[in-house]
Amino acid sequence: MGIVYLNGEFIPKERAMISVDDRGFIFGDGIYEVVRVIDARTFEWGAHAERLTRGLAGLRINFGARDVSRLSGVCERLVRDNALTEGEATVYLQITRGAAPRTHHFPPADTAPTVYANATKFIVPLAQRENGVAAITFPDFRWGRCDLKTVNLLGAVLARQAAAEVGAYEAILLKDGVMTEGAATNAFAVIEGTIRTYPLSNYILPGITRKVIVELIAELGLSLAIDPVTQRELGGVDELFLTGTTTDVTPVVTLDGRPVGNGKPGPLARMLQEALTARMYATAGAARR
């Protein structure tokens, strides 16, 4: 079953128990992160730690930057203890407000947060990267703080289920007539040679891979506009692609059953795929595949 981390202890997963009074269970009152690991080295840990710290502060959970920084060692040990030092893995981190009698307001200030982490092997879905995926559009009815990576993911669950029911990989969310992001990804479109994506705000997650892709676009001298894509424009984009910690750069080749562009992964998505892979392996210090 593997070794997990729970509230200061490294224990077998089958022994990990969390109270039914935990506010993550009762209210979805917590923050999480998923970190990519390559040959035992985490990718963009600093950015993940910064976002985790910001999210915890946004929810006013008493777990600050110094506490978050110590989780780097937890990630490293979980990778070792689960024999994941070669190849690719992910580490899942979750911090909730802790266990306390159920009240809508915060529990007593001395309530200890619940801190949980696990590491699992990651198999890169190469066929999806190479051939592209199908997506649907879906209304974005999530709450107004999508910039906080909370464990309350019901909006994303319903959107992803709608996609799964028609055999699609992702749901592209639409709010007020424009594309915001995917249910579990950030989204980019290419229109007349310019890459466009929704601006950072409370309506989308500040994705770590999104950040890296924006950097790579600049390094490659590509054209980028931080400008929302309208629902009407989506029907005529040249390319559409998704980014995320376990998504990397994944082209969308059909949307709502219709081809995107020529129905094949586009050249800019492929270029950014290659650049991201090179960045990940160079940063991790591992030999490129």
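Our subject is the structure listed above.
Undergrad: Quick question: what am I supposed to make of the packing of aromatic side chains here?
TA: Think of a pair of aromatic rings as described by two things: how far the centres are apart, and how the planes are tilted against each other in angle. Within this structure, the stated rule accounts for 4 aromatic pairs. The interplanar angle of 5° and the centroid separation of 5.2 Å between the aromatic rings of Phe188 and Phe241 together place this pair among those described as stacked. Taken together, the residues Phe188 in strand β10 (residues 186-191) and Phe241 in strand β14 (residues 239-244) connect sequence positions 53 residues apart. In this structure Phe241 comes out as buried when scored by relative accessible area, which is 0%. A cation over an aromatic ring shows up here: Arg77 above the ring of Phe10, its NZ or CZ 4.0 Å from the ring centre.

Undergrad: Is there a simple way to think about the environment of Glu192 in this case?
TA: Relative to the helices and strands, Glu192 is located in the loop between β10 and β11 (194-197). For Glu192, a relative accessible area of 75% puts it in the exposed group. Glu192 sits 46 residues away from Asp238 along the chain, and the two C-alpha atoms are 7.1 Å apart.

Undergrad: Looking at this model, I keep getting lost on the nonpolar core. Mind explaining?
TA: The nonpolar side chains of soluble globular proteins are, as a tendency, buried together. Leu56, Phe63, Leu71, Val91, Leu93 and Ile95 are the most contacted members of the largest nonpolar core, which totals 26 residues. Mapped onto this core, the elements with two or more residues apiece are β3 (30-38), α2 (45-59), α3 (65-81), β5 (88-96) and β6 (114-121). Here this core gets 6 residues from one element, more than from any other, and that element is α3. Among residues more than four places away in sequence, those in contact with Ile95 are Gly30, Ile31, Leu52, Leu56, Ile61, Phe63, Leu71, Pro113, Thr114 and Val115. The next biggest cluster of nonpolar side chains, apart from the first, holds 18 residues, and it includes Phe43, Ile195, Phe241 and Leu272.

Undergrad: Hey, could you run me through a nonpolar patch on the surface in this one?
TA: Among the surface-exposed residues, Phe141, Leu153, Leu154, Val157 and Leu158 lie close enough to one another that they form a single nonpolar patch of about 460 Å² accessible area. Following the sequence through the fold, Leu158 ends up in helix α5 (residues 154-165).

Undergrad: Whenever I open this one, the environment of Thr85 confuses me. Can you help?
TA: With respect to the helices and strands, Thr85 occurs in the loop between α3 and β5. Residues Thr85 and Arg41, spaced 44 residues apart in sequence, show a C-alpha to C-alpha distance of 8.2 Å. With residues up to four places along the chain from it excluded, the contact list for Thr85 reads Asp39, Ala40, Val79 and Arg80.

Undergrad: Help me out: how do you make sense of the environment of Phe188 in this one?
TA: A relative accessible area of 0% places Phe188 in the buried class. Taking the C-alpha atoms as reference points, Phe188 and Leu174, separated by 14 residues in sequence, lie 13 Å from one another. In this structure, Phe188 is in contact with Met179, Ile195, Arg196, Thr197, Arg210, Ile213, Val214, Ile217, Glu239, Leu240, Phe241 and Thr243, ignoring residues within four places of it in sequence.

Undergrad: In this structure, what is going on with the pattern of salt bridges? I would like to understand it.
TA: Any two side chains of opposite charge can pair, so long as their charged atoms come close to each other. Applying the stated rule across the entire model yields 20 salt bridges. Note that Arg279 is salt-bridged to Glu219, the shortest N-O span being 2.8 Å. Of the two residues, Arg279 is situated in helix α8 (residues 267-284) and Glu219 in helix α6 (residues 208-219); the sequence distance between them amounts to 60 residues. By relative accessible area, Glu219 is classed as exposed at 57%.

Conventions and cut-offs
- Residues numbered from 1 in each chain as written.
- Predicted model: local features only at pLDDT ≥ 70, side-chain atom pairs only at ≥ 80, totals over all residues.
- Heavy atoms only, no water.
- Phe/Tyr/Trp six-rings, centres within 6.5 Å; stacked < 30°, edge-to-face > 60°.
- Helix = DSSP H or I, 4+ residues; strand = E, 2+ residues; numbered from the N terminus.
- Buried < 20%, exposed > 50% of the residue type's maximum accessible area, 1.4 Å probe, protein only.
- Lys NZ or Arg CZ within 6 Å of the ring centre and 35° of its normal.
- Core = buried A, V, L, I, M, F, W, Y, C linked by side-chain atoms within 4.5 Å.
- Contact = heavy atoms within 4.5 Å.
- Patch = residues over 30% accessible without salt bridge, like charges linked within 9 Å, V, L, I, M, F, W, Y side chains within 5 Å.
- Areas by Shrake-Rupley, 256 points an atom, 1.4 Å probe, with all protein chains shown as cover.
- Salt bridge = Lys/Arg side-chain N within 4 Å of Asp/Glu carboxyl O.

Keep in mind these values describe shape, not function.
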